Amino acid sequence: MTICEPTRLLVTGGAGFIGSNFVHWVATHHPEVKMVVLDKLTYAGNLANLDGVPEEQLTFVQGDICDEALVDELMASVDAVVHFAAESHNDNSIADPAPFVRTNVEGTFTLLEAARRHGTRFHHISTDEVYGDLALDDPARFTEETPYHPSSPYSSTKAASDMLVRAWHRTYGVNATISNCSNNYGPRQHIEKFIPRQITNILAGIRPKLYGDGLNVRDWIHVDDHSSAVWAILTQGQAGETYLIGADGERDNRTVMADILTAMGQESDAFDWVRDRPGHDRRYAIDSTKLRRELGWEPTHQDFSEGLADTIRWYQENEAWWQDAKAATEQKYQKLGQ
Ligand code: NAD
Ligand code: TDX
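Reading guide: rules and limits
Residue numbers here run from 1 along each chain, matching the order of that chain's written sequence. By the order in which they are written, chains take letters starting at A while ligands take numbers starting at 1. Note on the predicted model: pLDDT of at least 70 is required for a residue's local features to be given, and 80 or more for side-chain atom pairs to be given and counted; whole-chain, interface and lining totals, by contrast, use all residues. Where side-chain values are given, they derive from all heavy atoms of the structure, hydrogens and water being excluded. The nearness test applies per residue and asks whether one of its heavy atoms lies within 4 Å of the molecule or strand. Identification of polar contacts relies on pairs of N or O atoms within 3.5 Å, with a donor-acceptor requirement for protein atoms, meaning one able to donate a hydrogen and the other able to accept it, and with residues adjacent in sequence counted only if both atoms are side-chain atoms. Here the Shrake-Rupley method, with its probe set to 1.4 Å, supplies the accessible areas, and only the displayed protein chains count as covering residues. Here a strand is any run of E in DSSP of at least two residues, a helix any run of H or I of at least four, and the numbering for each starts at the N terminus. The aromatic pairing rule takes the rings of Phe, Tyr and Trp, using the six-membered ring of Trp, and pairs them if the centres are within 6.5 Å, calling planes under 30 degrees apart stacked, those over 60 edge-to-face and the rest tilted. Here's how the labels work: a residue is buried when its accessible area is under 20% of the maximum for its type, exposed when over 50%, partly exposed in between, all with a 1.4 Å probe on protein chains only. Here, a charge over a ring means that NZ of Lys or CZ of Arg falls within 6 Å of the ring centre while also lying within 35 degrees of the ring normal. Throughout, a disulfide means two cysteine sulfur atoms within 2.5 Å of one another.

Caption draft 1: Representation of the site of ligand 2 within the structure. Taken together, 22 residues form the shell around ligand 2, and within it Glu-129, Tyr-154, Arg-218, Arg-277 and His-280 come nearest. In this structure, an oxygen atom belonging to ligand 2 sits 2.7 Å away from a side-chain N or O atom of Thr-127. When ligand 2 sits alone it has 660 Å² of accessible area, and the protein chains cover 95% of it. Of all the elements in the fold, those that place two or more residues in the shell around ligand 2 are helix H6 (194-204) and strand S8 (209-211).

Right, dumping it as structure tokens:
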């Protein structure tokens, strides 16, 4: 086992959804660890996501992971990096793929080169979407051995970044691990994504929108379970290894839509069917046996309706956090017919 005990962590994309939840998780569970967050604050980043993290534990730097000089300077000051920063939304990647290639591929390359120069422990955050999709009736789930078969501009750039990490480990000996996680939900997720889009639609008096036939399946995991898994891999993972993260949460979109509507006091069919996403992946499903067996990780938020109710409450109580982005987000979807 490679044991890493980080005292100073660089967290890229730490002002986004999963990155900020990870920073809060580390602040709560490892108050001795200092964190430097590097985030460009794109439309998806929000400094308010870091409110409440103790000042003495956090340094925030606004900047681009493609900025070689800045990345080099920050890398020299830490003993490990957890790399969350990415362009993360499939629909955006279909409308305009260029920022995905730049941030997800070139940005990861820039970080890897700096980690190579400084001998920094590197944990790369990736997605189950690199494996493509499964048929609804396929008994199989993704494992670490599943061949890569990405469908969208987003997932293909994530797949490319995973390949760079593997090569930098094998060729240059960078002390790197990769995790590929399933769909996250929880507080502070951008309202372009499925669950918060529907919650904020209902709160704003807009009918929720379901793509295609609504039968696509996603494997949902609470963002805090993703954070605890990343910590386990960062601190106990074997260099060069990939770990799949998932919590056995397969659900089709129509069921999740009905869950949201019912939990918010609406009829379960009070939504609009809209145009399907081009190339829409049918089903994702993760087998996380390796992570559970080798590193002893277990999810702790397995009651989806309880997690969903907490998430709905968060958006109800934090209207100021999402209100400004709502009109612009829905305008983008209107152009796509979604
Ligand atoms: P997000 O879009 O909410 O956050 C991304 C963050 O990265 C933002 O704060 C943004 O400002 C920052 N960023 C973007 N480009 C940057 C650049 N060039 N330089 C510096 N910062 C930049 O995304 P998320 O949902 O929190 O996803 C985080 C990571 O987790 C991504 O790598 C994503 O591929 C991966 N992932 C996400 C999910 C999911 O369900 N959301 C599942 C598995 C893996
Ligand atoms: O309004 C909607 N209606 C709808 O039916 C939206 C926004 C989505 N959908 C469907 C598309 C998907 O089948 O819901 C499902 C989930 O959609 P997204 O939230 O866009 O997530 P997905 O495309 O599955 O990708 C997510 O999980 C893997 C994250 O955005 C990625 O960053 C992560 O890698």
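So much for the structure itself; the text now carries on.
Caption draft 2: Just the packing of aromatic side chains, in detail. Summed over all chains, the structure comprises twelve aromatic pairs. Look at Phe-109 and Trp-168: their rings are 6.0 Å apart centre to centre, the planes differ by 90°, and that puts the pair in the edge-to-face class. Highlighted residues: Phe-109 in helix H4 (residues 98-118) and Trp-168 in helix H5 (residues 153-172), separated in sequence by 59 residues. Take Phe-109: its relative accessible area is 36%, and that puts it in the partly exposed class. With a centroid separation of 5.0 Å and an interplanar angle of 80°, the aromatic rings of Trp-314 and Trp-321 are classed as edge-to-face. Since its relative accessible area comes to 16%, Trp-314 is described here as buried. Aromatic rings pair up to connect Phe-109, Trp-168 and Tyr-172 into one cluster. When the ring centre of Tyr-333 is taken as origin, the NZ or CZ atom of Arg-197, which lies over that ring, is 3.7 Å away. Seen from the ring of Tyr-243, Lys-290 lies directly overhead, with NZ or CZ sitting 4.8 Å from the centre.

Caption draft 3: The state of the cysteines, seen in detail. For the structure on display, the rule yields zero disulfides. Take Cys-4: it sits in no disulfide, and the sulfur closest to it among the cysteines is that of Cys-181, at 20 Å. Taking the relative accessible area as the measure of exposure, Cys-4 reaches 10% and is therefore buried.

Take it as geometry only, folks, not as evidence of what the structure does.
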